[in-house]
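Tertiary structure, described
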Amino acid sequence: EPEVTQTPSHQVTQMGQEVILRCVPISNHLYFYWYRQILGQKVEFLVSFYNNEISEKSEIFDDQFSVERPDGSNFTLKIRSTKLEDSAMYFCASSESVAADTQYFGPGTRLTVL
Amino acid sequence: DQQVKQNSPSLSVQEGRISILNCDYTNSMFDYFLWYKKYPAEGPTFLISISSIKDKNEDGRFTVFLNKSAKHLSLHIVPSQPGDSAVYFCAASDPSGTYKYIFGTGTRLKVLA
């Protein structure tokens with residue numbers, strides 16, 4: 001069964017460093033999303049991406065964040081200068097379409113900022 | 001601003017009995033709802049969904065009920081099994097943008113053998 005994959009599973013970085021989280025969405029899906037979950041809190045939407053551009057972003061997704069689909073399979077989230085409060089689980093999701101279509105989530109990347 | 005609420009942080013049920021997980025929402029524009037199951041250190045796994053044009057959807061042991069007038073949905077698991085022990089998240093698809101999901105805070109279900 002097709003699934004969303006994410007690498008790395010755990011990333012430890014120093015405050016102020018750049019990190020890139022990688023995702024491979026399900027191959028025939030066209031809509032891509034990043035969510036995050038800070039420990040003990042709920043899963044929160046960060047950004048959606050379609051047709052090689054950002055469709056929607058939350059207030060969390062500030063100028064330190066960027067997304068890219070560098071090739072036909074990968075979807076990346078970059079945090080330019082990490083802060084302690086960026087420590088969280090980051091989940092990538094994809095869906096075939098929007099509007100009452102199910103988003104399938106990857107296993108997540110645990111980002112720890114020291 | 002909690003648009004999707006799961007008021008029970010935890011629930012314990014005996015194996016073989018029914019588990020009922022509840023979820024409330026505030027935005028009447030939400031038109032598609034989902035339940036996800038999550039194990040520690042894993043991503044949310046899709047379980048079952050329901051469109052706002054229905055009031056019930058069933059898939060094996062899992063049934064989701066939607067009461068639009070009360071802005072309430074529930075997930076029934078019958079019979080409950082120890083492998084069902086996980087955190088269950090309710091999510092609503094927000095049609096105001098790109099149908100991003102708004103998640104509840106989750107309910108930790110423990111099924112006792």
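Before going into details, it helps to say that this report is about the structure given with it. (Residues numbered from 1 in each chain as written. Chains lettered and ligands numbered in written order. Predicted model: local features only at pLDDT ≥ 70, side-chain atom pairs only at ≥ 80, totals over all residues. Heavy atoms only, no water.)

Residues and elements named next belong to chain A. Reading across the sheet, the four strands line up as S1-S3-S8-S7 and stay open at both edges, with antiparallel pairing between neighbours. In this open sheet, the two strands that pair with only one neighbour each are strand S1 (5–7) and strand S7 (65–68). For this sheet, the mean angle separating the axes of adjacent strands, direction not counted, is 20°. (Pairing = 2+ DSSP bridges. Helix = DSSP H or I, 4+ residues; strand = E, 2+ residues; numbered from the N terminus. Axes fitted to C-alpha atoms, helices over the stretch in contact; angles between N-to-C directions.)

What follows is about the pairing of strand S4 (residues 31–37) of chain A. All names here are of chain A. In terms of burial, S4 is largely enclosed, as seven of its seven residues are buried. Across the two faces of S4 the burial is the same, with Tyr31, Tyr33, Tyr35 and Gln37 and Phe32, Trp34 and Arg36 all buried. Pairing of S4 with strand S5 (residues 43–50), which is carried by seven bridges, proceeds in the antiparallel orientation. For Phe32, the partnering residue across the bridge sits in S5 and is Phe49. Between the end of S4 and the start of S5, which pair antiparallel, lie five residues, with Gly40 showing a positive phi angle near 85°. (Buried < 20%, exposed > 50% of the residue type's maximum accessible area, 1.4 Å probe, protein only.)

With that settled, consider the pattern of salt bridges. What the rule picks out here adds up to five salt bridges over all chains. Residue Arg36 of chain A is joined to Glu44 of chain A by a salt bridge in which the shortest nitrogen-to-oxygen separation is 3.6 Å. On the basis of relative accessibility, which here comes to 9%, the residue Arg36 of chain A falls in the buried class. Residue class for Glu44 of chain A comes out partly exposed when judged on its relative accessible area of 24%. Among the salt bridges present, the one from Asp94 of chain B reaches Lys100 of chain B, with a minimum N-O distance of 3.2 Å. With a relative accessible area of 6%, Asp94 of chain B lands in the buried category. Residue classification places Lys100 of chain B among the buried positions, given a relative accessible area of 13%. Salt bridges sharing partners connect three or more residues here, namely Glu56 of chain A together with Asp94 and Lys100 of chain B. (Salt bridge = Lys/Arg side-chain N within 4 Å of Asp/Glu carboxyl O.)

Let's shift gears to the state of the cysteines. All names here are of chain A. Tallying each qualifying case throughout the model produces two disulfides over all chains. Disulfide pairing places Cys23 opposite Cys92 at an S-S distance of 1.9 Å. Taking the sign of the S-S torsion, about -60° here, the bridge from Cys23 to Cys92 comes out left-handed. Separated by 69 residues along the polypeptide, Cys23 in strand S3 (residues 19–24) and Cys92 in strand S9 (residues 88–95) bring together distant segments of the chain. By relative accessible area, Cys23 is classed as buried at 0%. (Disulfide = S-S within 2.5 Å.)

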